[in-house]
Amino acid sequence: MKRLPDSELELMMIIWRAEEPVTRAEIEKELNEKRKLSPTAILSFLSRLEERGFLKIEKQGKSNLYTPIIKEQDYIRKESKSILQKMYRNSIKSFMTALYDGDNLSDEDIKELQNFIDEKRKEK
């Protein structure tokens, strides 16, 4: 699974949020709330996503329905691991320091992180 360019990732985020097959027009409508892309550009991105194995395209009448093949959580997990390895040499501490350096963690943030760590310890 390859890393997606921002424009293609933006389309995939729309498709993942839909939770059901969507048409190009539905994607375009959602996308236009943030930025304008031509229908041709959207179709080009969708074709690339299909070629890369991220989407399945099914013909329904005159429209195509786009369904994700790759699950959002699987993509996020892979990208997160890649960033952690490349930028932080697999150090979660370095990653957290970069996120919060100079910003104070609230008691609620610390509690949430501690609960997460406790749950992971129990799983092992």
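This text gives an overview of the structure that appears in the document. (Residues numbered from 1 in each chain as written. Predicted model: local features only at pLDDT ≥ 70, side-chain atom pairs only at ≥ 80, totals over all residues. Heavy atoms only, no water.)

### Let's talk about unusual backbone geometry
Even without glycine at this site, Arg-89 takes up a positive phi of about 50°. Topologically, Arg-89 is positioned in the loop between α4 (72-88) and α5 (92-100). A positive phi angle, near 65°, is found at Asn-90, a position not held by glycine. If you trace the backbone, Asn-90 turns up in the loop between α4 and α5. (Helix = DSSP H or I, 4+ residues; strand = E, 2+ residues; numbered from the N terminus.)

### Notes on the side chain of Thr-23
Position of Thr-23 relative to the elements: it lies in the loop between α1 (6-18) and α2 (24-31). Accessibility expressed as a relative area gives 17% for Thr-23, which makes it buried. When sequence neighbours within four positions are dropped, the list of residues in contact with Thr-23 reads Ser-63, Asn-64, Leu-65 and Tyr-66. (Buried < 20%, exposed > 50% of the residue type's maximum accessible area, 1.4 Å probe, protein only. Contact = heavy atoms within 4.5 Å.)

### Structural notes on the environment of Glu-112
Mapped onto the elements, Glu-112 comes out in helix α6 (residues 107-123). Exposure remark for Glu-112: the relative accessible area of 55% places this residue in the exposed category. Along the chain, Glu-112 and Pro-5 lie 107 residues apart, while their C-alpha atoms are 31 Å from each other.

### A closer look at the packing of aromatic side chains
Centre-to-centre distance and the angle between the planes together describe a pair of aromatic rings. Under the criterion given, the structure shown has three aromatic pairs. Ring centres of Trp-16 and Tyr-75 lie 6.0 Å apart, and the angle between their planes is 40°; this geometry places the pair in the tilted category. With Trp-16 in helix α1 and Tyr-75 in helix α4, the pair connects residues that are 59 residues apart, well separated along the chain. On the basis of relative accessibility, which here comes to 9%, the residue Trp-16 falls in the buried class. Take Tyr-75: its relative accessible area is 4%, and that puts it in the buried class. Geometrically, the ring pair formed by Tyr-88 and Phe-95 is edge-to-face, given 5.3 Å between the ring centres and 80° between the ring planes. In textbook terms, an aromatic cluster arises when at least three aromatic residues are bridged by ring pairs, as seen for Trp-16, Phe-54 and Tyr-75. (Phe/Tyr/Trp six-rings, centres within 6.5 Å; stacked < 30°, edge-to-face > 60°.)

### Some thoughts on the packing of α1 against α2
Where α1 meets α2, the closest approach of the two axes is 10 Å, and the angle between their N-to-C directions is 110°. With respect to each other, α1 and α2 are oriented roughly perpendicular. α1 and α2 meet at a crossing whose hand is right-handed. Facing Glu-10, Leu-11, Ile-14, Ile-15 and Arg-17 of α1, the residues of α2 in contact are Ile-27, Glu-30 and Leu-31. Grouping the amino acids of the contact of α1 with α2 by side-chain chemistry returns five nonpolar, no polar and three charged. (Axes fitted to C-alpha atoms, helices over the stretch in contact; angles between N-to-C directions. Parallel < 35°, antiparallel > 145°, perpendicular 65-115°, else oblique. Left-handed = near helix turned anticlockwise from the far one by under 90°. Nonpolar A, V, L, I, M, F, W, Y, C, P; charged D, E, K, R; others polar.)

### So, the pairing of strand β2 (residues 63-68)
Here strand β1 (residues 55-60) pairs with β2 via six bridges, running antiparallel. Each residue of the ladder has a partner; that of Lys-59, found in β2, is Asn-64. Between β1 and β2, which pair antiparallel one after the other, the connecting turn spans two residues, and Gly-61 there sits at a positive phi close to 65°. (Pairing = 2+ DSSP bridges.)

Functional significance is not addressed by these values, which are geometric in nature.
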